[in-house]
Amino acid sequence: MQNTHFIFQIKKGSIEDAVTVSNQIPELENPHAKEVYKTRMKGKKHLILIAYFEEKMVGFKVGYDKFEDSKNFYTWMGGILPNFRKKGIAAALSKKQENWIKQNGFQNVVLKTRNKHQGMLIFAIKNNFKIIEIEHRENINEHRILLKKAL
């Protein structure tokens, strides 16, 4: 993939790859260990994508079939290293994930974020996600926001 003068690649990755990148994303306080990934995705259709700049892993996106209806695919975890943001990597990861989701028979992609992750909220809304539910918490910054996009 290319963004003017910035060239990166997106490849399928492993749980270990996703955990390695997630541990470098400052917004992900207490990133999940590989056992959590294994438990969530065990026996379910899932996709792990890793973005590379040269040989360095700079971003990731993980999703799995969380819902009973098999129409909705849950895009669970993801992030881009701070020095590599605003270069089109998140959009490219999303596009590749959405193509895979469609090819695997899903109709929608669902994500959950928190009020405090404004960059993620803005990205989701700009990319045609619609807010479908808010899970209230005591601290307004911790409210969970569920969004959905028809594919």
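Now for a quick tour of the structure. Only a predicted model underlies this, so the values are computations on that prediction, with no experimental measurement involved.

Cut-off values and rules
Residues numbered from 1 in each chain as written. Predicted model: local features only at pLDDT ≥ 70, side-chain atom pairs only at ≥ 80, totals over all residues. Heavy atoms only, no water. Helix = DSSP H or I, 4+ residues; strand = E, 2+ residues; numbered from the N terminus. Buried < 20%, exposed > 50% of the residue type's maximum accessible area, 1.4 Å probe, protein only. Contact = heavy atoms within 4.5 Å. Areas by Shrake-Rupley, 256 points an atom, 1.4 Å probe, with all protein chains shown as cover. Lys, Arg positive; Asp, Glu negative; His and termini not counted. Charge placed at Lys NZ, Arg CZ, Asp CG, Glu CD. Pairing = 2+ DSSP bridges. Axes fitted to C-alpha atoms, helices over the stretch in contact; angles between N-to-C directions. Polar contact = N/O pair within 3.5 Å; in protein donor to acceptor, adjacent residues only side chain to side chain.

This next bit is on the overall build of the protein chain. A tally of regular secondary structure across the protein chain gives 4 helices and 9 strands. Of the regular secondary structure in the protein chain, the N- to C-terminal order runs β-β-β-α-α-β-β-β-α-β-α-β-β. Each principal axis of the C-alpha distribution contributes one length, and for the protein chain these read about 40 × 35 × 30 Å. Buried positions account for 42% of the 151 residues belonging to the protein chain. If you take every contact in the protein chain between residues at least 6 apart in sequence, the share linking residues at least 24 apart comes to 60%. Accessible surface, the protein chain: about 8,900 Å² in total, of which carbon and sulfur atoms supply 49%. With 27 positive and 15 negative side-chain charges, the protein chain shows a separation of 5 Å between the mean positions of the two kinds.

Spatial strand order, E3-E4-E5-E6-E7-E9-E8: 7 strands in an open sheet with mixed pairing. The open sheet terminates on both sides in strands that have one partner only, identified here as strand E3 (9-12) and strand E8 (130-135). Going across the sheet, the axis of each strand differs from the next one's by a mean of 25 degrees, ignoring polarity. Looking at chain direction, E8 and strand E9 (residues 144-150) are connected through 5 bridges and run antiparallel. Bridge pairing in E9 places Ile134 opposite Ile145. Together, strand E4 (46-53), strand E5 (56-64) and strand E6 (72-80) form the strand contacts of helix H2 (residues 34-41), whose direction differs from that of E5 by roughly 35 degrees.

With that settled, the discussion passes to the side chain of Glu142. Within the secondary structure layout, Glu142 lies in the loop between E8 and E9. Among the polar contacts made by the side chain of Glu142, one reaches the side chain of Arg114 at a distance of 2.7 Å. For Glu142, the side chain forms a polar contact with the side chain of Lys116, separated by 2.8 Å. Other than its neighbours up to four places away in sequence, Glu142 contacts Arg114, Lys116 and Arg137.

Geometric descriptors of this kind do not, in isolation, establish any biological role.
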